[in-house]
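Tertiary structure, described
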Amino acid sequence: MNTKPRLVWFDANRVFAAFGVVLIHSSTDFGGQAFPDATSGERLIPVFMRSLGEFSGSEMFFMFSLFLMAMRVDKKMPSYGSAISTQAQRLLVPFVFWAVFYAFFRLVKADAFNYAPYIWDQLGEAKNWFGYLILGKSQYHMHFLPTLFALFLFYPIMRAATRFPVLGLTVVVTIGVMNNTQAFLWGLDLDPTLRDYLIRAIKIFGYVGYGMAAFAIYGLWKDGIPRGESRLIRRLGFYLAALAYIATLPFFYTAYDTGSWGVRGDWDFYGHFLMPVFVFLIFIGGQYLQWSPRWSRLARYTFGIYLVHPLVIDLYDVAIFKSGLSASMSPAMIVILRFAFALPASFAVAMGLERLKPLAWTIGLGPNPWEMYKSRKAVGA
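In this report, we go over the structure that sits alongside the text. It should be emphasised that the depicted structure is a prediction, and the values quoted were computed from it without experimental measurement. (Residues numbered from 1 in each chain as written. Predicted model: local features only at pLDDT ≥ 70, side-chain atom pairs only at ≥ 80, totals over all residues. Heavy atoms only, no water.)

**Considering the overall build of the protein**
A tally of helices and strands in the protein yields 16 helices and zero strands. Since a compact globule built from 381 residues should have a radius of gyration of about 21 Å, the 21 Å found for the protein is in line with a globular shape. Taking the principal axes of its C-alpha atoms as reference, the protein extends roughly 60 × 60 × 45 Å. Within the protein, residue pairs in contact and separated by at least 24 positions form 81% of the contacts whose partners lie at least 6 positions apart. Counting only carbon and sulfur atoms, one obtains 66% of the accessible surface of the protein, whose full area is about 18200 Å². Positive and negative side-chain charges in the protein, numbering 34 and 22 respectively, have mean positions lying 14 Å apart. (Helix = DSSP H or I, 4+ residues; strand = E, 2+ residues; numbered from the N terminus. Rg over C-alpha atoms; globule rule 2.2 N^0.38 Å. Contact = heavy atoms within 4.5 Å. Areas by Shrake-Rupley, 256 points an atom, 1.4 Å probe, with all protein chains shown as cover. Lys, Arg positive; Asp, Glu negative; His and termini not counted. Charge placed at Lys NZ, Arg CZ, Asp CG, Glu CD.)

What follows is the structure in structure tokens.
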């Protein structure tokens, strides 16, 4: 039986990912763009902050979620149905809550920025609700939960990488196929709704490569990586992450120069989508460092931070826009203050939800509603 101690290095990686996600979504204008109305010089700091945030992000959440899945199925070897049922309860139940919440919460910002009728029209169409509840389109970050659940469906295939870690390299192939096929689909004259579903299906097949990489890394960790070899892995991770960052520079230069995020298509695509694997190598390579137990205390809130940070950012945007402060603020000041507010406020909201026992389940820190009902009924009996 595996008796390895608490993975504090792993918890630090989770916190790092939460920082990155908040930073990414803090470094845009009010519409999620790269400040197209500003000068290139005024865009420098926001674009640079975005580039730093992309050392982490949603894809990193895929990596450590799939690493945990590798650990669970290796320890207990549950049946396929049992494993998928557990993940459905952990992911899809909170997802439905937040998908509906954000579908209506967007009206707060829409009302402040005078596009509320557009959101109301969306809410009145059934196809949009399918998009909210299947694709997670009610808010820009909600795609993560249904996509991650779909990835878990492939875990029996990923287990091969635990036995043969070299299969982790297939992530390069899977994201390459994803890149090529997405470009093909965008070139076809398809119904936009149909295209959305096809693109998501292709992404899921591509993201299975993250599972192969995560299961492979778990296999190496399970077998034991000596201290000296861990240092080698850490050095390699730093080099590969730096190389991936260099590969993304053309993408960020386009944003700096034009105010548009552009399209990742060449090596900047690979740099972005391989970055989570390389950063994961940095952390596992540092497993023997003296990590503070504080990382583990903070890590329990990372799922909550991922879910709540958009509402914190939207409230910040509404506040500075309605107060008129944004008119006198530079793009750099907007994004720096937004990040400085959103990160601690997201932690605070997640901690608050944990303490509100009837809502703790919405961020994965409490039993689901029917479980609470059964528990209360048993106590009453």
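**A word on a positive patch on the surface**
On the surface, R72, K75, K76 and R90 cluster together into a positively charged patch. The element best represented in the positive patch is helix 3 (residues 58-76), accounting for three residues. Tracing the backbone shows K75 in helix 3. The class of K75 is exposed, set by a relative accessible area of 52%. (Patch = residues over 30% accessible without salt bridge, like charges linked within 9 Å, V, L, I, M, F, W, Y side chains within 5 Å. Salt bridge = Lys/Arg side-chain N within 4 Å of Asp/Glu carboxyl O. Buried < 20%, exposed > 50% of the residue type's maximum accessible area, 1.4 Å probe, protein only.)

**So, empty space enclosed by the protein**
Counting across every chain of the model gives one cavity of 30 Å³ or more. When its volume is computed, the largest cavity comes out at roughly 50 Å³. S51, E54, Y245, T248, F252, G271, H272 and M275 together form the lining of the largest cavity. At the level of secondary structure, the elements contributing two or more residues to the lining of the largest cavity comprise helix 11 (227-258) and helix 12 (267-285). (1 Å grid on protein atoms, 1.4 Å probe; cavity = no way out; pocket = protein on both sides within 12 Å on 5 of 7 lines; lining within 4 Å. Points joined across faces, edges and corners; volume = space filled by probe spheres on them.)

**Topic: the pattern of salt bridges**
Using the criterion set out here, one finds nine salt bridges in the structure. Notably, a salt bridge pairs R264 with E54, separated by 2.8 Å at the nearest N-O pair. With a gap of 210 residues between them, R264 in the loop between helix 11 and helix 12 and E54 in the loop between helix 2 (40-53) and helix 3 connect regions that are remote in the sequence. Accessibility classification places R264 together with E54 in one group, the buried group. Across the salt bridge formed by K109 and D317, the nearest N and O atoms sit 3.1 Å from each other. Of the two residues, K109 sits in helix 4 (residues 80-112) while D317 sits in helix 14 (residues 302-322), which places them 208 residues apart along the sequence. The class for K109 is buried, based on a relative accessible area of 9%. Look at D317 and you get buried, because its relative accessible area is 1%. One network of salt bridges, with partners in common, ties together K109, D314, D317 and R338.

**Some points on helix 3**
With 19 residues, helix 3 extends 27 Å from end C-alpha to end C-alpha; this agrees with the ideal 27 Å at 1.5 Å per step. The element helix 3 is extensively covered by neighbouring structure, given that 14 of its 19 residues are classed as buried. Phi turns positive one or two residues past the end of helix 3, at M77, with a value near 45°. (Expected span 1.5 Å × (residues − 1).)

**Section: the packing of helix 2 against helix 11**
Remark: helix 2 packs on helix 11, axes separated minimally by 9 Å, with the N-to-C direction vectors making an angle of 145°. Classified by chirality, the crossing of helix 11 by helix 2 is right-handed. Contact residues: helix 2 offers S40, G41, R43, L44, V47, F48, R50 and S51, while helix 11 offers Y245, F252, A255, Y256, D257 and T258. Residues of the contact of helix 2 with helix 11, tallied by class, amount to seven nonpolar, four polar and three charged. (Axes fitted to C-alpha atoms, helices over the stretch in contact; angles between N-to-C directions. Left-handed = near helix turned anticlockwise from the far one by under 90°. Nonpolar A, V, L, I, M, F, W, Y, C, P; charged D, E, K, R; others polar.)

**Looking at the environment of Y316**
Tracing the backbone through its elements, the reader meets Y316 in helix 14. Through-space distance from the C-alpha of Y316 to that of R338 is 6.7 Å; in sequence the pair is 22 residues apart. Among residues more than four places away in sequence, those in contact with Y316 are M329, M333, I334, L337, R338 and F341. In this structure the side chain of Y316 is engaged in a polar contact, spanning 2.9 Å, whose partner is the backbone oxygen of I334. (Polar contact = N/O pair within 3.5 Å; in protein donor to acceptor, adjacent residues only side chain to side chain.)

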